[in-house]
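# Remarks on the overall topology
Spelled out, the chains give:
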Amino acid sequence: MSSSSGEVGEIGVHSDEAIPVGPFIFSPALQLAWQGRDNIFFTPDNEISDQLLLIKGQLLFEVPVYESYVRFSYTPQYRDYKEYELDDKWQHFFDAAAGFEFSSGLILNLAYSYIIGNLETREIDPGGEVFFGDNRFDKQWARLGGEYWITARDGIVFSLSWEDLEHEEPELFYDYTRLGGSIGWTHQMNPLLVMDVSYGVTDFDAHDNEFEDNGYRDSLAQDLTIAFRGQINPVLATELRVGYREINYDPAPDEPQVEDFSGFIVNGWVSWEMAHGSTLRLDVLRMPYPSAFGDNANYLASGASLMYSMDRGNFFGQLRGRYQNNDYTRPDRITGQERSDDIYTLGAGLGFRFTNYLSLWGTYLFEDRDTLYRYSYTINTFTLGLVVGW
């Protein structure tokens, strides 16, 4: 299930009020949710509605070490539809992260994530080409990032990353391995705002499977970007990266002659802290993502979303709207029609916080995808949830 189509969100915990357990700071949490969906398979007609029970726990351990930290978390999740029988009702999320600051000016950040899932299609395809799947997959992701401050305000920034996806039956999307690295210059613009200019390279290996040879989808991408992260002023904050990307493919003569990509990219957000505990946040996106549609090797996702959040006393709420277009360069294999998806999302939510450790919330989400007939759908999702956690 794509996160834009009613997936239950992350559990909120209060790390500042966690439970000391020996050398660890322990933050447990439990989420119970009921969800009603009127089109669980995202079909253009003959929609099937169903109800979903979700139980999600989180065990978070952190070890602070002066200016450094080590953090581990395990999040099991159980999902059960009333009518539809999932192939696997359990999903598992393992995460580890660490940050180290050295007196020499070196800062290292390490992260690792391991997911065993099925409906979490945005973990497979962040741009949303795939919107329903019940095939079990394993995904691993690791990253090493670092900064070396040469002066008080200027330094070198670098990163290395690895990502690997494997399905039990890769029918909807192929398995892949992605390796990336970047290096650049970073500058402290003010005490709370940092910028960097970076050059990055990404090698993408699309694995062959019993359904298709995917060698023509292998690619080498190069980026030149500038990023800003932190507090612009007392009410404006951002985490935004913009720049230029070039993706090159090298298909064999007997393979689909997919087109290279080159163009402007942007990914990130800007938020405005308003009065009385309110926040307005704008997210923008223009990114090419790997594709499994027809003979396409990628598609271009472009869009923006606007979200208003409020937190007043015991009440908290949210209103949001989003538009995204996914554009493809090669037509449908069956009909020969060009494909371009227009995706519209509207959502609202309201919650009540009984204590710092107990809250009740409800949400409504509407999504409409307008594209080739067999990929079009509308869906309405209602969610009612209870969160207990530190």
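Data block above holds the structure.
Everything in this summary refers to the structure shown in the same document. (Residues numbered from 1 in each chain as written. Predicted model: local features only at pLDDT ≥ 70, side-chain atom pairs only at ≥ 80, totals over all residues. Heavy atoms only, no water.)

### Thoughts on the overall build of the protein
Counting its regular elements, the protein contains 1 helix and 19 strands. In terms of C-alpha radius of gyration, the protein reaches 22 Å, essentially the compact-globule figure of 21 Å for 390 residues. Taken along the three principal axes of its C-alpha coordinates, the protein extends 60 × 50 × 40 Å. Residues counted as buried form 45% of the 390 residues belonging to the protein. Taking the contacts inside the protein whose residues are at least 6 apart along the sequence as the reference set, 56% of them involve residues at least 24 apart. Of the roughly 19300 Å² of accessible surface on the protein, a fraction of 60% belongs to carbon and sulfur atoms. Of the charged side chains in the protein, 27 are positive and 60 negative, and the gap between their average positions amounts to 6 Å. (Helix = DSSP H or I, 4+ residues; strand = E, 2+ residues; numbered from the N terminus. Rg over C-alpha atoms; globule rule 2.2 N^0.38 Å. Buried < 20%, exposed > 50% of the residue type's maximum accessible area, 1.4 Å probe, protein only. Contact = heavy atoms within 4.5 Å. Areas by Shrake-Rupley, 256 points an atom, 1.4 Å probe, with all protein chains shown as cover. Lys, Arg positive; Asp, Glu negative; His and termini not counted. Charge placed at Lys NZ, Arg CZ, Asp CG, Glu CD.)

### Overview of a negative patch on the surface
On the surface, Asp 87, Glu 168, Glu 169, Glu 171 and Glu 210 cluster together into a negatively charged patch. In this fold, Glu 171 is placed in the loop between β8 (154-167) and β9 (176-190). The exposure class of Glu 171 is partly exposed, given its relative accessible area of 48%. (Patch = residues over 30% accessible without salt bridge, like charges linked within 9 Å, V, L, I, M, F, W, Y side chains within 5 Å. Salt bridge = Lys/Arg side-chain N within 4 Å of Asp/Glu carboxyl O.)

### Details of the side chain of Asn 39
Structurally, the position occupied by Asn 39 is in the loop between β2 (24-37) and β3 (50-65). Note on Asn 39: relative accessible area 0%, which makes it buried. Setting aside residues no more than four positions away along its own chain, Asn 39 makes contact with Glu 47, Ile 48, Ser 49, Tyr 377, Thr 378 and Ile 379.

### Here we look at the pattern of salt bridges
Per the stated rule, a full pass over the model turns up 22 salt bridges. One salt bridge connects Arg 281 with Asp 283, and the closest N-O pair in it is separated by 2.8 Å. Exposure remark for Arg 281: the relative accessible area of 26% places this residue in the partly exposed category. The partner of Asp 341 in a salt bridge is Arg 339, with the nearest N and O atoms 2.8 Å apart. Residues Asp 341 and Arg 339 agree in their burial class; the two are buried. When salt bridges with common partners are traced through the structure, they connect Glu 123, Lys 139, Glu 163 and Arg 178 into a single cluster.

### So, empty space enclosed by the protein
Summed over the entire model, instances satisfying the criterion amount to 1 cavity of 30 Å³ or more. Quantified by volume, the largest cavity comes out at close to 70 Å³. Taken together, Asn 118, Thr 121, Ile 124, Val 130, Gly 133, Asp 134, Asn 135, His 167, Leu 172 and Phe 173 make up the full set of residues lining the largest cavity. The residue makeup of the lining of the largest cavity, split by class, is 4 nonpolar, 5 polar and 1 charged. (1 Å grid on protein atoms, 1.4 Å probe; cavity = no way out; pocket = protein on both sides within 12 Å on 5 of 7 lines; lining within 4 Å. Points joined across faces, edges and corners; volume = space filled by probe spheres on them. Nonpolar A, V, L, I, M, F, W, Y, C, P; charged D, E, K, R; others polar.)

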